[in-house]
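# Chain and residue survey
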Amino acid sequence: MAAREIPVVDRSRSGRDRILDAAYGLFSRAGVRAIGVDTITAQADVAKMTLYRNFASKNDLALAFLMLREERWTEGWVQAEVLRRADTPAAQLLTIFEIFTEWFAREDFEGCAFITSLLEFDDRADPVRQACVTHLANIRAFLRELATAAGVADPERFAAQWHILMKGSIVAAHEGDADAALKARELGLLLLAREGIAAPVS
């Protein structure tokens, strides 16, 4: 859904679901702190009291949003598409940049909500910041599994390096670099070659 579109509220859904759906779209595009409670309740078409009856605070809503983001984006899209499109661990790692290329070209490209929200909270003890760190770590855990299956000598370090390529490409795409994912893929090929892993045949 493009950012300029205004979603139609499904009144048959519970107030909690409508609030979370509204927060999902708003927080994904603009971050947590940039969006006020009034904006969320207006888009969800609920009273402010309904929000606080379901979520003790805006930060509690943000935590629920981050969990839903992992479910929809990390697991439901990135991991699912990678495993669906490629058969070998090396090919699966490179496929990340294939789907990123498609994502970056979309009008509703919103970036990484975990990075956006992480940068909004300076206090390392803040629950929202800690949740972002955890969700990012879960992405690296998936990368580590692929690296291990590919036979990488140090899967932990490799996963961190691959994740840096992913995050860097997202930021570059925000700058307007349409080829950011392809450039990151080229660096990924170098990492695989360093490990003695041949590039998969297209």
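Further up the page is the structure itself.
Our subject in this report is the structure included herewith. Throughout this description, residue numbers start from 1 for each chain and increase along the sequence as written. With the structure being a predicted model, the display of local features is reserved for residues of pLDDT at least 70 and the display and counting of side-chain atom pairs for 80 or more, all residues being used for whole-chain, interface and lining totals. Calculated side-chain values reflect all of the structure's heavy atoms, with hydrogen atoms and water omitted.

### Looking at the packing of helix 4 (residues 58–85) against helix 5 (residues 89–104)
The interhelical angle for the contact between helix 4 and helix 5, taken along N-to-C directions, is 120 degrees, at an axis separation of 8 Å. With respect to helix 5, the axis of helix 4 lies oblique. Between helix 4 and helix 5 lies a crossing of right-handed hand. Two secondary-structure elements touch here, helix 4 through Arg69, Trp73, Trp77, Val78, Glu81, Val82, Leu83 and Arg85 and helix 5 through Gln92, Thr95, Ile96, Glu98, Ile99, Phe100, Glu102 and Trp103. Polar here means any residue outside two lists: the nonpolar Ala, Val, Leu, Ile, Met, Phe, Trp, Tyr, Cys and Pro, and the charged Asp, Glu, Lys and Arg; Gly therefore counts as polar. The residue makeup of the contact of helix 4 with helix 5, split by class, is 9 nonpolar, 2 polar and 5 charged. Throughout, an axis means a line fitted to C-alpha atoms (over the contacting stretch in the case of helices), and angles, computed between N-to-C directions, take values from 0 to 180 degrees. By the criteria applied, helices consist of DSSP H or I runs no shorter than four residues and strands consist of E runs no shorter than two, each listed in order from the N terminus. Roughly parallel means an angle under 35 degrees; roughly antiparallel, over 145; roughly perpendicular, 65 to 115; everything else is oblique. Take the far helix as the reference: if the near one is turned anticlockwise from it by less than a right angle, the crossing is left-handed, and if turned clockwise, right-handed. Note on definitions: a residue-residue contact is assigned when non-hydrogen atoms from the two residues lie within 4.5 Å.

### Concerning helix 5
Over its 16 residues, helix 5 extends 23 Å from the first C-alpha to the last, a length consistent with the 22 Å expected when each residue adds 1.5 Å. Three exposure classes are used, based on accessible area relative to the maximum for each residue type with a 1.4 Å probe and protein chains only: buried under 20%, partly exposed in between, and exposed over 50%. Buried residues dominate helix 5, accounting for 12 of its 16 residues. Along helix 5, the residues that are buried comprise Ala90, Ala91, Gln92, Leu93, Leu94, Thr95, Ile96, Phe97, Ile99, Phe100, Trp103 and Phe104. Where helix 5 is buried, its residues touch helix 4, helix 7 (127–150), helix 8 (155–175) and helix 9 (180–194). Multiply 1.5 Å by the residue count of a helix minus one, and that product is the helix's expected span.

### Some points on empty space enclosed by the protein
Cavities and pockets were defined on a 1 Å grid built from protein atoms only: a cavity is a group of points that admits a 1.4 Å probe but offers it no way out, a pocket is an open group of points flanked by protein on both sides within 12 Å along at least five of seven lines, and a lining residue is one with an atom within 4 Å of any such point. Grid points are joined across faces, edges and corners, and a volume is the space filled by probe spheres set on the points. If you walk through the whole model with that rule in mind, you get 1 cavity of 30 Å³ or more. By volume, the largest cavity amounts to about 30 Å³. Around the largest cavity, the lining residues are Trp73, Phe100, Cys112, Ile115, Leu136, Ile139, His163, Met166, Lys167 and Ile170. When contributions to the lining of the largest cavity are tallied by element, the ones reaching two or more residues are helix 7 and helix 8. Tallying contributions element by element places helix 8 first for the lining of the largest cavity, with 4 residues. Of the residues contributing to the lining of the largest cavity, the split by class is 8 nonpolar, 1 polar and 1 charged.

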